[in-house]
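# Remarks on the overall topology
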Amino acid sequence: MGEGASKDMAEDCVFCRIVRGELPSQKVWESDKVLAFRDIHPVAPVHVLVIPKEHIAGIEGAREDHASLLGELLLAAQNVAEKEGLKDGYRLVINQGTHGRQTVAHLHLHVLGGRLLGAMG
Ligand code: 5GP
Ligand code: ZN
(Lines give C-alpha, C1' and ligand atoms only; values in the text may rest on other atoms or scores of the structure.)
(Ligands and ions follow the chains in the order given, each with its own letter.)
Protein backbone atom coordinates (compact mmCIF):
# COMPACT_ATOMS: atom_id res chain seq x y z
CA MET A 1 0.00 0.00 0.00
CA GLY A 2 1.33 3.44 -0.93
CA GLU A 3 1.56 6.28 1.55
CA GLY A 4 -1.36 8.06 -0.13
CA ALA A 5 -3.74 5.14 0.35
CA SER A 6 -2.78 4.89 4.01
CA LYS A 7 -3.45 8.61 4.50
CA ASP A 8 -6.86 8.37 2.78
CA MET A 9 -7.87 5.53 5.08
CA ALA A 10 -6.68 7.46 8.10
CA GLU A 11 -8.88 10.38 7.05
CA ASP A 12 -12.08 8.48 7.98
CA CYS A 13 -10.58 6.23 10.66
CA VAL A 14 -12.50 6.68 13.92
CA PHE A 15 -9.37 6.37 16.08
CA CYS A 16 -7.41 8.82 13.90
CA ARG A 17 -10.31 11.22 14.36
CA ILE A 18 -10.05 10.75 18.14
CA VAL A 19 -6.28 11.42 17.93
CA ARG A 20 -6.98 14.62 15.96
CA GLY A 21 -9.59 15.71 18.52
CA GLU A 22 -12.41 15.57 15.93
CA LEU A 23 -14.29 13.02 18.06
CA PRO A 24 -14.46 13.19 21.86
CA SER A 25 -12.85 10.56 24.05
CA GLN A 26 -12.16 10.00 27.73
CA LYS A 27 -8.39 10.15 27.78
CA VAL A 28 -6.61 8.10 30.41
CA TRP A 29 -2.97 8.48 29.37
CA GLU A 30 -1.01 10.13 26.59
CA SER A 31 2.53 10.43 25.28
CA ASP A 32 4.01 11.82 22.06
CA LYS A 33 3.23 8.67 20.13
CA VAL A 34 0.57 6.86 22.13
CA LEU A 35 -2.96 7.64 23.34
CA ALA A 36 -5.10 5.68 25.81
CA PHE A 37 -8.83 6.30 26.22
CA ARG A 38 -11.89 4.51 27.59
CA ASP A 39 -13.75 2.09 25.34
CA ILE A 40 -17.20 3.41 24.42
CA HIS A 41 -18.76 -0.04 25.14
CA PRO A 42 -16.81 -1.38 28.14
CA VAL A 43 -16.95 -5.13 28.77
CA ALA A 44 -15.19 -4.87 32.14
CA PRO A 45 -15.11 -2.24 34.93
CA VAL A 46 -11.86 -1.00 33.38
CA HIS A 47 -11.74 -1.14 29.58
CA VAL A 48 -9.16 1.16 28.03
CA LEU A 49 -7.87 1.21 24.47
CA VAL A 50 -4.19 1.96 23.89
CA ILE A 51 -3.38 3.10 20.35
CA PRO A 52 -0.46 4.49 18.39
CA LYS A 53 -1.22 8.03 17.20
CA GLU A 54 0.12 6.94 13.82
CA HIS A 55 -2.41 5.02 11.72
CA ILE A 56 -1.44 1.35 11.57
CA ALA A 57 -4.33 -0.82 10.36
CA GLY A 58 -3.75 -3.65 12.83
CA ILE A 59 -0.97 -5.78 14.25
CA GLU A 60 -0.64 -7.21 10.72
CA GLY A 61 0.12 -3.68 9.51
CA ALA A 62 3.10 -3.28 11.83
CA ARG A 63 6.56 -3.36 10.27
CA GLU A 64 10.08 -3.87 11.53
CA ASP A 65 10.53 -0.12 12.04
CA HIS A 66 7.49 -0.08 14.34
CA ALA A 67 9.29 -2.31 16.86
CA SER A 68 9.96 0.44 19.40
CA LEU A 69 6.46 1.87 18.98
CA LEU A 70 5.02 -1.59 19.69
CA GLY A 71 7.11 -1.69 22.85
CA GLU A 72 5.79 1.73 23.84
CA LEU A 73 2.23 0.46 23.46
CA LEU A 74 2.91 -2.35 25.95
CA LEU A 75 4.57 0.01 28.42
CA ALA A 76 1.69 2.46 28.01
CA ALA A 77 -0.72 -0.38 28.86
CA GLN A 78 1.32 -1.08 31.99
CA ASN A 79 1.05 2.61 32.94
CA VAL A 80 -2.70 2.57 32.35
CA ALA A 81 -3.10 -0.53 34.53
CA GLU A 82 -1.18 1.15 37.35
CA LYS A 83 -3.13 4.39 36.99
CA GLU A 84 -6.43 2.48 37.04
CA GLY A 85 -5.38 0.56 40.17
CA LEU A 86 -5.47 -2.90 38.59
CA LYS A 87 -3.28 -4.39 41.31
CA ASP A 88 -4.92 -7.83 41.10
CA GLY A 89 -4.08 -8.18 37.42
CA TYR A 90 -5.54 -7.47 34.01
CA ARG A 91 -5.61 -8.71 30.43
CA LEU A 92 -4.15 -7.17 27.28
CA VAL A 93 -5.87 -8.11 24.02
CA ILE A 94 -5.20 -7.34 20.36
CA ASN A 95 -7.91 -8.46 17.93
CA GLN A 96 -6.76 -8.97 14.34
CA GLY A 97 -8.97 -9.44 11.28
CA THR A 98 -12.28 -11.25 10.85
CA HIS A 99 -11.60 -14.29 13.02
CA GLY A 100 -10.15 -12.04 15.70
CA ARG A 101 -13.35 -9.92 15.50
CA GLN A 102 -11.40 -6.73 14.86
CA THR A 103 -13.96 -3.99 14.22
CA VAL A 104 -11.75 -0.87 14.06
CA ALA A 105 -8.91 -0.99 11.53
CA HIS A 106 -6.46 1.04 13.63
CA LEU A 107 -4.11 -0.96 15.83
CA HIS A 108 -5.32 -0.99 19.43
CA LEU A 109 -4.63 -2.87 22.57
CA HIS A 110 -7.50 -3.52 24.99
CA VAL A 111 -6.65 -3.18 28.69
CA LEU A 112 -9.30 -5.14 30.59
CA GLY A 113 -9.60 -5.43 34.34
CA GLY A 114 -11.42 -4.61 37.53
CA ARG A 115 -13.01 -8.07 37.87
CA LEU A 116 -12.01 -11.71 37.47
CA LEU A 117 -12.12 -12.23 33.71
CA GLY A 118 -13.49 -15.32 31.96
CA ALA A 119 -11.40 -17.93 30.21
CA MET A 120 -9.98 -17.12 26.78
CA GLY A 121 -11.63 -18.08 23.53
P1 5GP B 1 -11.95 -4.35 18.23
O2 5GP B 1 -13.20 -5.17 18.20
O3 5GP B 1 -11.64 -3.76 16.87
O4 5GP B 1 -10.79 -5.05 18.83
O5 5GP B 1 -12.26 -3.17 19.23
C6 5GP B 1 -12.72 -1.91 18.86
C7 5GP B 1 -13.22 -1.27 20.11
O8 5GP B 1 -13.40 0.11 19.86
C9 5GP B 1 -14.59 -1.80 20.58
O10 5GP B 1 -14.45 -2.34 21.88
C11 5GP B 1 -15.50 -0.58 20.54
O12 5GP B 1 -16.41 -0.53 21.62
C13 5GP B 1 -14.51 0.58 20.56
N14 5GP B 1 -14.95 1.78 19.87
C15 5GP B 1 -15.49 1.83 18.62
N16 5GP B 1 -15.75 3.12 18.29
C17 5GP B 1 -15.36 3.86 19.35
C18 5GP B 1 -15.39 5.27 19.61
O19 5GP B 1 -15.81 6.09 18.80
N20 5GP B 1 -14.89 5.68 20.81
C21 5GP B 1 -14.43 4.80 21.75
N22 5GP B 1 -13.99 5.32 22.89
N23 5GP B 1 -14.39 3.49 21.54
C24 5GP B 1 -14.86 3.02 20.36
ZN1 ZN C 1 -6.46 5.37 12.16
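A brief structural summary. Please read these numbers as outputs of a predicted model, since none were measured by experiment.

Conventions used here
Sequence positions are assigned chain by chain, starting from 1 and proceeding in written order. To label them, take the chains in the order written and letter them from A, then take the ligands in the order written and number them from 1. Local features in this predicted model are restricted to residues whose pLDDT is 70 or higher, and side-chain atom pairs enter the listing and the counts only when it is 80 or higher, whereas totals over whole chains, interfaces and linings include all residues. Where helices and strands are cited, they refer to DSSP runs of H or I of at least four residues and of E of at least two residues respectively, numbered from the N terminus. Note on method: radius of gyration uses C-alpha positions; expected globular size equals 2.2 Å times residues raised to 0.38. Labels follow a simple rule on C-beta atoms placed from the backbone: if 20 or more others lie within 10 Å of a residue's own, it is buried; if 12 or fewer, it is exposed; otherwise it is partly exposed. By definition, residues are in contact whenever their C-beta atoms, placed on the basis of the backbone, come within 7 Å of each other. By definition, a residue lies near a molecule or strand provided its backbone-derived C-beta atom is within 6 Å of it. Ten residues, namely Ala, Val, Leu, Ile, Met, Phe, Trp, Tyr, Cys and Pro, are considered nonpolar, four, namely Asp, Glu, Lys and Arg, are considered charged, and the remaining ones, Gly among them, are considered polar. Being paired, for any two strands, means DSSP has found at least two bridges between them. Each axis is a line fitted through C-alpha atoms, taken for helices only over the stretch in contact, and angles between the N-to-C directions span 0 to 180 degrees. One nonpolar core equals one set of buried Ala, Val, Leu, Ile, Met, Phe, Trp, Tyr and Cys residues connected by C-beta atoms within 7 Å.

### Notes on the overall build of the chain
When its secondary structure is counted, the chain shows three helices and five strands. Against the 2.2 N^0.38 benchmark of 14 Å for 121 residues, the chain shows a C-alpha radius of gyration of 14 Å, consistent with a compact globule. Dimensions along the principal axes, computed over C-alpha positions, put the chain at roughly 45 × 30 × 25 Å. Among the 121 residues that make up the chain, the fraction classed as buried is 23%. Long-range contacts, defined as pairs at least 24 residues apart, comprise 61% of the intrachain contacts of the chain with a sequence gap of at least 6.

### Some details on the site of ligand 1
Lining the immediate surroundings of ligand 1 are 14 residues, of which Ile40, His41, Asn95, Thr103 and Val104 lie closest. A breakdown of the residues in the shell around ligand 1 according to their chemical character gives six nonpolar, five polar and three charged.

### A closer look at the sheet that holds strand S2 (residues 34–38)
Taken in spatial order, the five strands line up as S1-S2-S3-S5-S4 in an open sheet, and their pairing is antiparallel. Taken across any chain shown, the strands that pair with only one partner, and hence form the sheet edges, are strand S1 (27–30) and strand S4 (90–93). With strand direction ignored, the average angle separating the axes of adjacent strands in the sheet is 20°. Inspection of the sheet shows S1 paired to S2 by three bridges, in the antiparallel sense. For glutamate 30, the partnering residue across the bridge sits in S2 and is leucine 35. Docked against the sheet, helix H3 (residues 67–83) engages S1, S2, strand S3 (46–52), S4 and strand S5 (109–113), running at close to 155° with respect to S3.

### Considerations on the nonpolar core
Core analysis: the largest hydrophobic core is formed by 23 residues, its most contacted members being Ala36, Val48, Val50, Ala76, Ala77, Val80 and Val111. Contributing elements (two or more residues each) for this core: helix H2 (14–19), S2, S3, H3 and S5. Beyond its immediate stretch of four places on either side in the chain, valine 80 contacts Val28, Trp29, Ala36, Val48, Val50 and Val111.

### Some thoughts on the environment of cysteine 13
Topologically, cysteine 13 is positioned in the loop between helix H1 (3–12) and H2. A sequence separation of 42 residues divides cysteine 13 from histidine 55, and the C-alpha atoms of the two residues are 8.3 Å apart. If sequence neighbours within four positions are ignored, cysteine 13 has contacts with His55, Ala105 and His106.

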